[in-house]
Every structure is written in C-alpha cells, then in structure tokens.
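# Coordinate analysis (summary)
Residue-level listing of the chains:
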Amino acid sequence: MTTSTRPPAQSPEELFAEVCGQARRAAVLAAVEALLGWDEQTGLPARAGAYRGEQAAAVAGIVHRLRTDQAHGDRIARLASSPLARSGPPEVVGTISLLARDHTKQARLPARLVEELARTTSEAQQAWRAAREASSWKTFAPWLERVFALKREQAACQLPDRDPYDALLDDYEPDASWPAITARFDRLRGELVPLVQACVAAAERPDDGVLRRPYPVADQRRFVRAVAEKIGFDFTRGRLDTTAHPFCSTIGPDDCRITTRWDERFLPTALYGVLHEAGHGLYEQGLPRDWYGLPAGEAASLGIHESQSRLWENLVGRSPAFWEWCFPVARAAFPQALGDSTAREVQRALMTVTPSFIRVEADEVTYNLHVMLRFDLERALVQGTLAVADLRDAWNERFEHDFGMRPPTDAEGVLQDIHWAAGLVGYFPTYALGNVFAAQLMHAARTQLPGLDRDIAAGRFAPLLDWLRRHVHAHGRLLDSERLVEQATGGPVSEQWLVDSLRQRYAAAHEG
Ligand code: ZN
C-alpha cells in the first residue's frame, strides 16, 4: 500500500466550506477583539489601559494573519475560478466574490504598515485628547501629518488603480466615488442652507425649554430601555450600557451591545442616543444569522448602517405619530417635567434648528453641513490639494461660509472629532449618505405600508421593522448600498427625498 503526498482534489463545495470555516474562525476572534473594545469603553480600570492595548493588538494580529493567510488566499483564488463562483446559489456567488475582494485588499497591506497605522493612530488619539483639552491645534498638527501620510500609503497599496480618496472610502462605502458624492452633497447643500435660514428666521420657532427640565437619570434608564424594547431591540440578544461616546458593537450573532450617555437636564441626549444606537442594533440583530462571520451576514456599508440609525432616531423618533404613542409613556416616567405639557409641544421642541459649532450636538438639518465640510477637507488632504498645516484656517473659513460664524477655539473647530486621529479617513461622508438613504427608504416604506403612521401612533413598530428586515437587513452585504436602496425603493438613489422630508417636516414644526 502506498500513500500519496498529494491531497485529494477538493470539490468546489468542499473548498467553499473550508474557506468559510477559516473566515468564521477569524470572525470568532474579531468578536473577541470587539468585546475587548466594548469593555475598554464601558468598565476598564484607569490603569488597565496599557495591558488592554497589548491584548487588543495580540488578537488583532491573529485576526489579520487568519484573514491574509497565503493558503487561505490560494483556496479563495481557486474557488473564485470554479463554476460555483458563477453558477452557485446567489449567497454563495456573492460570498465568494466578496471574500476574494476582501482578501486581495487585506493581503496587499504590508504587516509593517498595519503595525505602523495601529501604533501611530493609538498615539495620535492620545495626542488629540491632550490637544483638544488645551485647544491647541499646533501640538496636534504633526500627528495628523503622520496619519494622513500613512493613509495615503494604505490607499496606494490596497487599491493602486483608484483615486486615493476613493480607495480609503472603499473601506466604509464600497465602490463609492468622490465626484458622485461631491455632486450629491453640492445639490443638498444648495437646498439646506436656505432651509436652515428659513427655520432660524421663522416667526413661530419651536422652543425646546420643555426638554431642558429635570429628568432624573434613574427614570431615564427605565424609560429609554422601554422605548428601545418597544421598537424591537431584543434584550435577550443585546444590552444597554453607559459610555462617554455612545456606540453599537456586535460581539456575536446573539450579542449586540448599545451604549448611551445621560444628561439629567436634557432628555434628548439619552433618548435620541438610544434610538440611534438601537437603530444600528436592529440592523445587526436582523442580519442573516446563519451567515454570521461571512459577507452575507454583514452590513452592506456604513452608509446603510447609518440609514438604519437615522431612520429610527429622526424619521420615526421625531415624528408627531411617534409622540402620540410616546408622550403618555414619557409623562408617566417624568410626571414632574411633563405634567403640564403636550405631545405637540414636546414633538415641536425636538425640531429646533440652531446652527452650532459641534457636529455631535447639531440638529438634524444643520448636521449634514458639518459632514460636508469634513468630507471636502479630508479629500483635499488625501489628494494633496490642502496641506495639514493649512487645515485649521481652511476649516474656519469654510465654517464661516456655511454657518455664518467662526469657531472661537480650535476645540470647537478643527479639533472636535476623534476620527482623523483614529485613522478614520473617508468615514465622515457615510453619515450624510445615511440620511439620504434613510429618507428614501422611509418614503418607500410609507408608500408600501399605508397604515404606517397609524401603527406608529398606536405603538406598533413591527410592520416597519419587518419591512426593513425584508428590504434591507436580509440582504447582508450581497447588494452594494446604491443597488440595495434602488431595489428597496424602486428608484435610483436621490438626495431629493431627504430635501423633501426635511422641508415638509420642519415647515410643519415651524407653524404655531
Ligand atoms: Zn451611527
């Protein structure tokens, strides 16, 4: 009897199972990495940071090796040229093509660059915290210089044939292109600037005083949890905790964690923080569970992710129908603050438009202007038409142009966001794209579900959630964002739905 040294030829199906097995093993460890990150944000002792950094780096290294492993890459390449990649079931065809795409991009990144990016962005974030504290642009600028140099290098390695900004954007919004986004944002800005001016000049401006009364945090905790549960967030597969900067993190197929912060003198901080993060959470909980760890079980893009959070936060959560249901619940939770008010008063208060310096505190209308400013500046930095040394002045000039006021300090201007320090370049536009997608999806849902507002007013959120499950969540990453929205709504992506939605809702709120 002889033994062969050659492995038996694998069928494409066996090859597919093996490739998916490795991708899922990487996903298990990526979930461990996410858990370390969640723990770092929610409960890490003050002096535990350094060792946590080592733990996170160790796990990240293993995940990167599993994903870029040469043998894994060879198997994906063989699979991609097999008949299964062309004529298999749609989930299988899509999975193979996306795994091949991801592997190529990741494998092109040299280990040295991965480590340098991790180290530099970690130090840059610490430098950013100190610089923001001191409102000192000069001490942060050299760090930003280093981060953008590394990001340009990353773009050139990963997608050498693409424009460098588009190459970075691809990590968050696959296949998006900056000229198309610029054109969309320019049209949007042309509509938003006069809308902001009209809201500010309106004779019957809403007053948000009712939201600025004492709202005890213990009562807020019970109330926002009840609201999240009511819209469909499954607390047997998730939880809610407290952090300085709210986020949503998925630790496994049945473990989605959302966080919020509390302000006992301003109800919207926690309520709208939770509606936003629960919107992200509903998407994560609605992704195809059997495909967890594979593209068919992943979010389509950050823009689509953001469309889900914005839809629940703004299009549902600020609507008169929502407050018809929510007001009695809120008044029972906060009898002192809301005993003498009405649903209409609270709902109108939530539609106050006030230009301000800080993006994360911005109202729904001005928010997009904050995003567009960052998009144009970061693109110019990546493409080399703006030098980091000139960024602060460029920021202040642009802010004055769009908002009619100049940031009094760097902390209220160029230093306010952590994204660039963290290496998140190409990320900002997904916030405004999310608003565009959300408005178009909501319009389609309302057309297809004629009783939608009546349902919401009665506290029935399942019809809307089911619609999102079928038209958005079920597709995982198999459709890109443009095709996903087009298929769900029956028309090409257009910012006009957002413009119409804002105009109509804010006009209604600015009538006495
Ligand atoms: Zn979000």
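Since the model is a prediction, treat every value here as computed from it, not as a measurement.

Further remarks concern the coordination of the zinc ion. Within the first shell, the zinc ion binds the protein through His 276 (NE2), His 280 (NE2) and Glu 306 (OE), at distances of 2.1 to 2.3 Å. Judged by relative accessible area, which is 10%, His 276 ranks as buried.

We now examine empty space enclosed by the protein. Throughout the structure, instances matching the rule amount to two cavities of 30 Å³ or more. Approximately 60 Å³ is the volume found for the largest cavity. Looking at the largest cavity, the residues that line it are Arg 310, Leu 311, Asn 314, Leu 315, Glu 364, Asn 368, Asn 435, Ala 438, Ala 439, Leu 498, Leu 502 and Arg 505. Looking at the lining of the largest cavity, the elements with two or more residues in it are helix H12 (302-316), helix H16 (364-383), helix H18 (429-448) and helix H22 (496-509). Element by element, the count of residues in the lining of the largest cavity is highest for H12, at four residues. Each residue belonging to the lining of the largest cavity can be placed in one class, and the counts come to six nonpolar, three polar and three charged. For the second largest cavity, the calculated volume is near 30 Å³. Residue lining of the second largest cavity: Arg 374, Trp 395, Gly 413, Val 414, Gln 416, Asp 417, Trp 420 and Phe 428, and that is the complete set.

Let us look at the pattern of salt bridges. A side chain with one charge can pair with a side chain of the opposite charge if their charged atoms come near. All chains considered together, the criterion is met by 38 salt bridges. For the salt bridge of Arg 101 with Asp 170, the shortest nitrogen-to-oxygen distance reads 3.0 Å. Here Asp 170 lies in the loop between helix H8 (164-169) and helix H9 (178-201) and Arg 101 lies in helix H5 (residues 90-107), a separation of 69 residues in the sequence. For Arg 101, a relative accessible area of 25% translates into the label partly exposed. Judged by its relative accessible area of 2%, Asp 170 falls in the buried class. We note a salt bridge from Asp 455 to Arg 460, for which the minimum N-O separation is 2.8 Å. Accessibility expressed as a relative area gives 46% for Arg 460, which makes it partly exposed. Here the salt bridges share partners, and the residues they tie into one network are Arg 101, Lys 105, Arg 162, Asp 170, Asp 171 and Asp 175.

So, about the environment of Trp 38. Tracing the backbone through its elements, the reader meets Trp 38 in helix H1 (residues 12-42). Linking Trp 38 and Cys 248, residues 210 residues apart in sequence, is a C-alpha distance of 9.0 Å. Those residues in contact with Trp 38, other than ones at most four positions away along the chain, are Arg 239, Asp 241, Phe 247, Ile 251, Arg 257 and Thr 259.

Taken together, the three strands give an open sheet; going across it, the order is E1-E3-E2, and neighbouring strands pair in mixed fashion. Strands at the two margins of the open sheet, each flanked by one partner only, are strand E1 (238-242) and strand E2 (248-252). Mean inter-strand twist for the sheet, computed between neighbouring axes without regard to direction, equals 25 degrees. Pairing geometry for E2 and strand E3 (residues 255-260), over four bridges, is antiparallel. What sits directly across from Cys 248, in E3, is Ile 258. With respect to the sheet, H1 is in contact with E1, E2 and E3, its orientation differing from that of E2 by roughly 135 degrees.

Take the pairing of E3 next. Across the six residues of E3, six count as buried, placing the element largely inside the fold. Neither face of E3 is left uncovered, since the one carrying Asp 255, Arg 257 and Thr 259 and the one carrying Cys 256, Ile 258 and Thr 260 both have all their residues buried. Where E1 lies against E3, five bridges are found, and the strand directions are parallel. In the strand pairing of E3, Thr 242 is matched with Thr 260. Counted between consecutive antiparallel strands, the loop separating E2 from E3 contains two residues.

Membership of the largest hydrophobic core comes to 130 residues, with the highest contact counts inside it found for Leu 311, Trp 312, Phe 322 and Trp 323. Built from parts of two domains, this core gets at least three residues from each of domain 1 (12-135) and domain 2 (178-509). Beyond its immediate stretch of four places on either side in the chain, Trp 312 contacts Ile 231, Leu 275, Gly 279, Leu 282, Gly 317, Phe 461, Leu 464, Leu 465 and Leu 468. Formed by 16 residues, the second largest nonpolar core is a distinct cluster that contains Cys 20, Leu 79, Ile 96 and Leu 294.

Of note, the phi angle at Ser 135 is positive, near 50 degrees, even though the residue is not glycine. Classification of Ser 135 as partly exposed rests on a relative accessible area of 25%. One non-glycine residue, Asp 175, lies in positive phi territory at about 70 degrees. Position of Asp 175 among the secondary structure elements: in the loop between H8 and H9.

Parameters at a glance
- Throughout, residues of each chain are indexed from 1 in the direction in which the sequence is written.
- Where totals are concerned, whole chains, interfaces and linings use all residues; where local detail is concerned, this predicted model gives features only for residues with pLDDT of at least 70, and gives and counts side-chain atom pairs only at 80 or more.
- Note that the side-chain values use all heavy atoms of the structure and ignore hydrogens as well as water.
- Counted as donors are the N, O and S atoms within 2.8 Å of the metal, or 3.2 Å for Na, K and Ca, while water is not among the atoms, so some sites may look incomplete.
- Here the term buried applies to any residue with accessible area under 20% of the maximum for its type, exposed to any over 50%, and partly exposed to those in between, with areas from a 1.4 Å probe on protein chains only.
- For each structure, a 1 Å grid was placed over the protein atoms alone; sets of points admitting a 1.4 Å probe that cannot get out are labelled cavities, open sets with protein on both sides within 12 Å along at least five of seven lines are labelled pockets, and lining residues have an atom within 4 Å of a point.
- Grid points are joined across faces, edges and corners, and a volume is the space filled by probe spheres set on the points.
- Here a strand is any run of E in DSSP of at least two residues, a helix any run of H or I of at least four, and the numbering for each starts at the N terminus.
- Amino acids are sorted into nonpolar (Ala, Val, Leu, Ile, Met, Phe, Trp, Tyr, Cys and Pro), charged (Asp, Glu, Lys and Arg) and polar (every other residue, Gly among them).
- In the sections that follow, a salt bridge refers to a side-chain nitrogen of Lys or Arg positioned within 4 Å of a carboxyl oxygen of Asp or Glu.
- Here, residues are in contact when the closest pair of their heavy atoms is within 4.5 Å.
- In this analysis, strands are considered paired if DSSP registers two or more bridges between them.
- Inter-axis angles, ranging from 0 to 180 degrees, are taken between N-to-C directions of lines fitted to C-alpha atoms, where helices are fitted over the stretch in contact.
- Residues grouped as a nonpolar core are buried Ala, Val, Leu, Ile, Met, Phe, Trp, Tyr and Cys residues, joined through side-chain atoms within 4.5 Å.
- Boundaries between domains were set according to an automatic or database domain assignment.

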